[in-house]
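# Descriptive analysis of the structure
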Amino acid sequence: MVSDRSAQYVRLRRGCHLWHQQAGGWGMSNAGLVVGRDQSLLIDTLYDLRLTRRMLDAFAEHTEHAPVTTLVNTHGNGDHWFGNELVPSAEIVAARGSLADMLQVQPPDMLRLTAAATPSGLFARSIFDRFEFTGITPRLPDRLFDRELTLDIGGTCVRLIDVGPAHTAGDTIVHVPHARTVYTGDIVFAGGTPVVWHGPFDNWIAACELILGLDVQTVVPGHGPVTTKAALHATRAYLEYVHDQASARFAAGMTVGEATRTIPLGRFAELPESERLAVNVHTVYRELDPGHTQLDGPDLFGCMAELACPQPSP
Ligand SMILES: [Zn+2]
C-alpha cells in the first residue's frame, strides 16, 4: 500500500482500486482503477499534473501489465479531468453533458478566478492555492455517450450510467457488477457538503435511489474515503433538507441572499465546505423561477466567500 499523510492507494475488491486524496477540501478528488485481464479502466484524473502523475505512479504496479486503454471522466469539473493529457494512449469517454462543462471551465479560467483582486478571488485563492493550473493542455473526451454505456475491460464488465444533470450537466457513475462496487463521482461527497452546480435536485435524489437499488457493497465517492450505501442516505437527506428550506423561503418572498443567511444547517453544519449552501440555494431558486438570475462561476464563489468569511458590517 502506497501511503503518506495526504494520499493513499487502496486495494478494493476483485480488480477495483482507489487513489484517495486524504487531505480533503476543495478539489481533492479521488481516482479509481478497474483492472481486467490485459487492460485497465481509469476513472478520472486529478486537478493538476503533479497530483495526477503521483496517482498514475501508485497504480503502475497494475497498469504495467494491464495498461489503461480507457479513461472515463465522471463529470466536467476540472478536479476530475485536468490531468487527462498524462494518459495519452487511452480513449477518453464521458457523458455528453460533461463536454459542455469541460468547454466552459478550463485551466486559464481557474488562473483568472484565483488571480482576481475581489472577495471571490481571495476566497478561490484560499481554497485552490495548492493546485498548479499553469502548463496544462486540456485533453477532451474522444467518445461521448448518452444515458448508459457498457464496456468490456479485459473480460470485466463495467457499466457507465449518466445520472445527470445533477451535480453538473453530466454525472457518470461507474458500476462494476462482479466486484459489487460503484464509483459514484461527485454524486457522493463522503463526509463533505454536496454542491449542486447544475441540478435539478430531483435528478440527484433519483441518482441516490438508483445507486441504492444496485447490488453493491462498496461505494467509492468522488471525494472522501471509501464508504457504503449509508452515504447515499446522508446525501439524499442533505439535498431534501436544503431544497425544503430554500423553497419555503422562496415562497415567503425572501431574496436568495436572505434565504442563504437564514437557513440553519443543524446536523449538516459540521460538514466541511458548508459554504456550498450559497450555491445550492441559488440552484433551488433557479429551479423555482427560471427567470432567476443565472450567476457565473466567479459570482458563485463570491456568494460562498460571503458565507465562509462574512465582511463586518460598516
Ligand atoms: Zn470533484
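The structure this text deals with has already been given above.
Summary of the structure given here. Every value quoted in this text rests on a predicted model; they were computed, and no experiment measured them.

On a plain count of helices and strands, the protein chain comes out with nine helices and twelve strands. Its C-alpha radius of gyration of 19 Å places the protein chain within 12% of the 20 Å reference for a compact globule of 314 residues. Its C-alpha atoms give the protein chain principal-axis dimensions of roughly 65 × 40 × 35 Å. Per-residue burial for the protein chain yields a buried fraction of 55% across its 314 residues. Expressed as a percentage of contacts within the protein chain between residues at least 6 apart in sequence, the contacts between residues at least 24 apart total 66%. Charged side chains of the protein chain number 24 positive and 35 negative; the gap between the two group centres comes to 5 Å.

Pairing is mixed in the open sheet, where five strands are placed in the order S8-S9-S10-S11-S12. Each edge of the sheet is formed by a strand with only one pairing partner; in this case those strands are strand S8 (148-153) and strand S12 (218-220). Ignoring which end each strand starts from, the neighbouring axes of this sheet average 20° apart.

This paragraph deals with unusual backbone geometry. Omega for the bond connecting glycine 164 with proline 165 falls within 30 degrees of zero, at -5°, which places this linkage in the cis form. For proline 165, the location among the structural elements is in the loop between strand S9 (156-162) and strand S10 (172-176). For the bond running from glycine 199 to proline 200, omega is 5°, close enough to zero to count as cis. For glutamate 273, which is not glycine, the phi torsion reads 60° and is therefore positive. Within the secondary structure, glutamate 273 sits in the loop between helix H7 (256-262) and helix H8 (277-288).

Attention shifts here to the sheet that holds strand S1 (residues 8-11). Spatially, seven strands are ordered S1-S2-S3-S4-S5-S6-S7 in an open sheet, and the strand pairing comes out mixed. With one partner strand each, in any of the chains shown, S1 and strand S7 (143-145) form the two edges of the open sheet. When the angles between neighbouring strand axes are averaged without regard to direction, this sheet yields 20°. Across three bridges, the pairing between strand S6 (residues 91-95) and S7 is parallel. Among the inter-strand pairings, alanine 94 is bridged to a residue of S7, identified as leucine 144. Each of S6 and S7 is contacted by helix H2 (residues 96-104), which is oriented at about 100° to S6, the strand it contacts most.

This next bit is on the pattern of salt bridges. Tallied over the full model, the rule gives nine salt bridges. For arginine 11, the salt bridge is made with glutamate 61, and the minimal N-O distance between the two is 3.9 Å. Taken together, the residues span a long stretch of sequence, with arginine 11 in strand S1 and glutamate 61 in helix H1 (residues 49-63) at a distance of 50 residues. Glutamate 61 sits in the partly exposed class, given a relative accessible area of 45%. Here aspartate 142 and arginine 139 are joined by a salt bridge, their closest N and O atoms 3.2 Å apart. Assessed through its relative accessible area of 48%, aspartate 142 is described here as partly exposed.

Distances from the zinc ion to its protein donors, Asp79 (OD), His80 (NE2), Asp186 (OD) and His223 (NE2), fall at 2.1 to 2.4 Å. Between the four donor atoms coordinating the zinc ion, the angles at the centre fall across 87 to 163°, so the site counts as irregular. Positions of the donor residues of the zinc ion along the chain correspond to the pattern D-H-x105-D-x36-H. We classify aspartate 79 as buried; its relative accessible area is 7%. The buried category is assigned to histidine 80, whose relative accessible area is 0%.

Strand S3 (residues 31-35) sits mainly inside the fold: five of its five residues count as buried. Sheet analysis places strand S2 (residues 16-20) next to S3, joined by four bridges and oriented antiparallel. Residue pairing across strands places histidine 17 opposite leucine 33, the latter belonging to S3. Bridging between S3 and strand S4 (residues 40-43) involves four bridges; their strand directions are antiparallel. Its bridge partner lying in S4, leucine 33 is registered against leucine 42. Hairpin geometry of S3 and S4 is characterised by an intervening segment of four residues between the two adjacent antiparallel strands.

Mapped onto the elements of the fold, arginine 286 is located in helix H8. In this structure the side chain of arginine 286 is engaged in a polar contact, spanning 3.2 Å, whose partner is the backbone oxygen of tryptophan 197.

About the thresholds
- Residues numbered from 1 in each chain as written.
- Predicted model: local features only at pLDDT ≥ 70, side-chain atom pairs only at ≥ 80, totals over all residues.
- Heavy atoms only, no water.
- Helix = DSSP H or I, 4+ residues; strand = E, 2+ residues; numbered from the N terminus.
- Rg over C-alpha atoms; globule rule 2.2 N^0.38 Å.
- Buried < 20%, exposed > 50% of the residue type's maximum accessible area, 1.4 Å probe, protein only.
- Contact = heavy atoms within 4.5 Å.
- Lys, Arg positive; Asp, Glu negative; His and termini not counted.
- Charge placed at Lys NZ, Arg CZ, Asp CG, Glu CD.
- Pairing = 2+ DSSP bridges.
- Axes fitted to C-alpha atoms, helices over the stretch in contact; angles between N-to-C directions.
- Salt bridge = Lys/Arg side-chain N within 4 Å of Asp/Glu carboxyl O.
- Donors = N, O, S within 2.8 Å, 3.2 Å for Na, K, Ca; no water.
- Tetrahedral: all angles 85-135°; square planar, octahedral: opposite > 155°, others 65-115°.
- Polar contact = N/O pair within 3.5 Å; in protein donor to acceptor, adjacent residues only side chain to side chain.

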